[in-house]
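Spelled out from the first residue to the last, the chains are:
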Amino acid sequence: MWTNMQTRVITKTQGNTVVVASPGSGKTTVLTEHIVHQLRTTETDAGSVMIITYTRQAAAELKQRLFSQTRHLGVHSLHALRIGTFHAEAFRMLLQTGFKVPPVLGTNEQYGLMRRILHEQGFSEPVHVTALSQALTKAKSTWPTLPVPRKYGAVAAQYETAKRALGRWDYDDILVEFCSHLTVIQTAVAPVRYLLVDEFQDTNAIQWEIVRAFQRMWSSRLFVVGDDDQSIYGFRGASPRWLQEASDLNPPGDTFVLSTNFRSDEKIVAAASQLILHNQQRIVKPFESNSTEEGWCAFTSWRNEDEEAEGVTQLLQRLYDTHPVWSVAILARTRRQLLASWTKAGRAQNHVNGEWHTFHSSKGREWDAVIVTGAVNDNPYLREPAENEEEERRLFYVAMTRARHALWISCPRRIQKARAKESKFIEETKLLRVPRKTWQGRVD
Ligand SMILES: Nc1ncnc2c1ncn2[C@@H]1O[C@H](COP(=O)(O)OP(=O)(O)OP(=O)(O)O)[C@@H](O)[C@H]1O
């Protein structure tokens, strides 16, 4: 049963639409329903519609949802929809212009080339390869492209020369080249009359430029959904600013706020709401749970990572025994941290169920039970200290809001033999510390 606000968004057939929404409020669901409604009830030509998702996996899931939802509805034109990431759709359009598009370097090839150049310049790796690649991505996430920081200037120039000599592009070049060839694209490619973008809070400046270019070239209608509180790709130049800007450009009646969370039980929503209130730069919006269940939300601390891993393993075992059909995820801030806890948990016990994800890769997903591990300040697993506290808080918020019924937060007081301090975000959630013995609570 849709809420009134969801119904208004789904059935809107005129003008631009901006949907600003809280976690679990049905952004992706509403976008999918909206497009089905659009195709069923209006003369919209599916070939003139483009839907942008943030990852290839999200594009595949959206396609699957659309096809399964419309199987019995007589919508036959779905195959004509263009669904993909900004990069994939820009690449396809460049190919359609007849422009000679060179092969794009895969990540391993790109890192190999960078490593060779860094080695020749006497830099050490692997930290610098990652840092260089991120610096280049960030520079090219704006339009026109920004200069890279001075530290990387010489090596970045050499990398660009070497790449050109090989006759290759890298991933970041796709959007830069796209923006450089708008005139030919406008005439050679089937117009995009309706552009829909999911996860709009993770748009960067060059992607926003592409949205604006579509509007200039083809007067494209725009439908975007996003949650500024879930903007977590600042290191790639993403900013929640464009969601605000899209909303500001819209007449007030065309911006909608979805505030009812259909995913998480009450305590989880209450704790996450408390946390995100601490961010200053955000669109203030209500956030309430639709669930009639209290749910479970608890945190505890451990002497060290080994003890934490043992606690998590016991919890997983208990969950497996008491709630065998529940989906479970174990989340950590970084991949290295995840690997460390997975190894420790695996060593403690062979039988470990659940999916293991970083906070970033948990985005857009949901599980019945979520265990957030290694919740400390100044996380030693981060290669560079976190610069943007608000983005770190958003990451923690994304992790917490993946849970449907039970959320456990866990903090080791020593990491890699050094003292670690409990994450300040835990206090901000207003959760009270639970003794280790009763941490499992909900499943005991
Ligand atoms: N009106 C509704 N009634 C019942 N369930 C709903 C309703 N709208 C959405 N849902 C369910 O709520 C859950 C969250 O929906 P969805 O994944 O679309 O949210 P989202 O806003 O994209 O989430 P997030 O941004 O946190 O990833 C899904 O399980 C979806 O089926």
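Note that this is a predicted model, so its numbers are computed, not measured.

Observations regarding the overall build of the protein
Helix and strand counts for the protein come out as 17 helices and 15 strands. Taken over the C-alpha trace, the protein has a radius of gyration of 23 Å; the compact-globule value for 444 residues is 22 Å, and the two agree within 12%. Judged by the C-alpha coordinates and their principal axes, the protein covers about 65 × 60 × 40 Å. Within the protein, buried positions represent 55% of all 444 residues. Within the protein, contacts between residues separated by at least 24 positions form 83% of all contacts whose residues are at least 6 apart in sequence. Side-chain charges of the protein comprise 55 positive and 48 negative groups, with the mean position of each set lying 3 Å from the other.

Examining the pairing of strand 5 (residues 221–226)
Across the 6 residues that make up strand 5, a large majority, 6, are buried. What you see with strand 5 is no split at all: R221, F223 and V225 on one side and L222, V224 and G226 on the other are buried throughout. In the sheet, strand 1 (residues 17–21) pairs with strand 5 via 4 bridges, with the strands oriented parallel. Along strand 5, the bridge assignment pairs V19 with V225.

Here's the deal with the pattern of salt bridges
Opposite charge on two side chains permits them to pair, given that their charged atoms come into close proximity. Applying the stated criterion to the full structure yields 29 salt bridges. With a shortest N-O distance of 2.7 Å, D228 and K285 are connected by a salt bridge. One end of the pair, D228, is in the loop between strand 5 and helix 11 (241–249); the other, K285, is in the loop between helix 12 (266–276) and strand 8 (288–289), and 57 residues separate them in sequence. Taken as a pair, D228 and K285 share a single burial class, namely buried. Between R394 and E391 there is a salt bridge, with the nearest N and O atoms lying 3.3 Å from each other. Of this pair, R394 and E391 both sit in helix 16 (residues 389–400), 3 residues apart, roughly one helical turn. Comparing R394 with E391, the two get one shared label, buried.

Brief notes about the UniProt feature "binding site: ATP" (unreviewed entry) in the protein
Those residues carrying the UniProt feature "binding site: ATP" (unreviewed entry) are A21, S22, P23, G24, S25, G26, K27 and T28 in this numbering. Within the element layout of this structure, K27 appears in helix 2 (residues 27–41). Each residue touching K27, except ones within four places of it in the same chain, is listed here: A21, S22, V225, G226, D227 and Q230.

A few points about the nonpolar core
By size, the foremost hydrophobic cluster in this structure holds 37 residues, and its most contacted members are V372, F396, M400, L407 and I409. Those elements that provide at least two residues to this core are helix 12, strand 9 (296–302), strand 10 (328–332), strand 12 (367–372), helix 16, strand 13 (403–412) and helix 17 (424–428). If near-sequence neighbours (up to four positions away) are discounted, L407 is found in contact with I268, W296, C297, A298, V370, V372 and M400. Membership of the second largest hydrophobic core comes to 36 residues, among which are L182, F200, F214 and V224.

Section: the site of the ligand
Around the ligand, the surrounding shell holds 17 residues, and the nearest of these are Q6, G24, K27, T29 and R263. One of the side-chain nitrogen or oxygen atoms of Q230 is found 3.1 Å away from an oxygen atom of the ligand. E366 is positioned with one of its side-chain polar atoms (N or O) 3.0 Å from an oxygen atom of the ligand. Relative to its unbound accessible surface of 640 Å², the ligand loses 80% to contact with the protein. Considering each element in turn, the shell around the ligand owes the most residues, 3 residues, to helix 2. Residues belonging to the shell around the ligand are distributed by class as follows: 4 nonpolar, 9 polar and 4 charged.

Some thoughts on the packing of aromatic side chains
Overall, the coordinates contain 11 aromatic pairs when judged by the stated rule. Aromatic side chains F214 and W218 sit 5.2 Å apart centroid to centroid with 55° between the ring planes, which places their arrangement in the tilted category. You can see F214 and its partner W218 sitting in helix 10 (residues 205–218), 4 residues apart, about one turn around the helix. Of the residues examined, W218 reaches a relative accessible area of 7% and is grouped as buried. A connected cluster of aromatic rings, assembled from ring pairs, spans Y54, Y233 and F235.

Examining the sheet that holds strand 2 (residues 49–52)
Pairing between the strands of a sheet is mediated by backbone hydrogen bonds and can be parallel or antiparallel. Read from one edge to the other, the open sheet built from 6 strands follows the order 3-2-4-5-1-6, with strand pairing classed as parallel. With partners counted over all chains shown, the strands left at the sheet margins are strand 3 (82–84) and strand 6 (255–258), one partner each. When the angles between neighbouring strand axes are averaged without regard to direction, this sheet yields 10°. Both strand 4 (residues 194–197) and strand 5 contribute to a ladder of 4 bridges, which runs parallel. Residue pairing in the sheet places V197 in a bridge with V224 of strand 5. Strands strand 2 and strand 3 of the sheet are contacted by helix 3 (residues 56–70), whose axis makes an angle of about 140° with strand 3.

Considerations on the environment of I206
By the element assignment, I206 lies in helix 10. The buried category is assigned to I206, whose relative accessible area is 1%. Sequence separation between I206 and A406 is 200 residues, and the spatial gap between their C-alpha atoms is 39 Å. If we skip the residues at most four places from it in the chain, I206 touches K140, S141, T142, W143, L175, V176 and C179.

Some details on the side chain of Q110
On the secondary structure map, Q110 appears in helix 5 (residues 107–120). Its relative accessible area of 10% is what places Q110 among the buried residues. Look past the residues within four positions of Q110 in its chain and what remains in contact with it is L105, S133, Y159 and D170.

Topic: helix 10
Over its 14 residues, helix 10 runs 20 Å from end to end, which matches the ideal 20 Å to within 8%, given 1.5 Å per residue. Counting buried positions along helix 10 gives 10 out of 14 residues, so the element sits mostly inside the fold. Those residues of helix 10 that sit buried are I206, Q207, W208, I210, V211, A213, F214, Q215, M217 and W218. One or two positions beyond helix 10, positive phi appears at S219, with a value near 45°.

What counts, and at which threshold
Residues numbered from 1 in each chain as written. Predicted model: local features only at pLDDT ≥ 70, side-chain atom pairs only at ≥ 80, totals over all residues. Heavy atoms only, no water. Helix = DSSP H or I, 4+ residues; strand = E, 2+ residues; numbered from the N terminus. Rg over C-alpha atoms; globule rule 2.2 N^0.38 Å. Buried < 20%, exposed > 50% of the residue type's maximum accessible area, 1.4 Å probe, protein only. Contact = heavy atoms within 4.5 Å. Lys, Arg positive; Asp, Glu negative; His and termini not counted. Charge placed at Lys NZ, Arg CZ, Asp CG, Glu CD. Pairing = 2+ DSSP bridges. Salt bridge = Lys/Arg side-chain N within 4 Å of Asp/Glu carboxyl O. UniProt positions renumbered as here; feature names shortened; annotations may be inferred. Core = buried A, V, L, I, M, F, W, Y, C linked by side-chain atoms within 4.5 Å. Near = heavy atom within 4 Å. Polar contact = N/O pair within 3.5 Å; in protein donor to acceptor, adjacent residues only side chain to side chain. Areas by Shrake-Rupley, 256 points an atom, 1.4 Å probe, with all protein chains shown as cover. Nonpolar A, V, L, I, M, F, W, Y, C, P; charged D, E, K, R; others polar. Phe/Tyr/Trp six-rings, centres within 6.5 Å; stacked < 30°, edge-to-face > 60°. Axes fitted to C-alpha atoms, helices over the stretch in contact; angles between N-to-C directions. Expected span 1.5 Å × (residues − 1).

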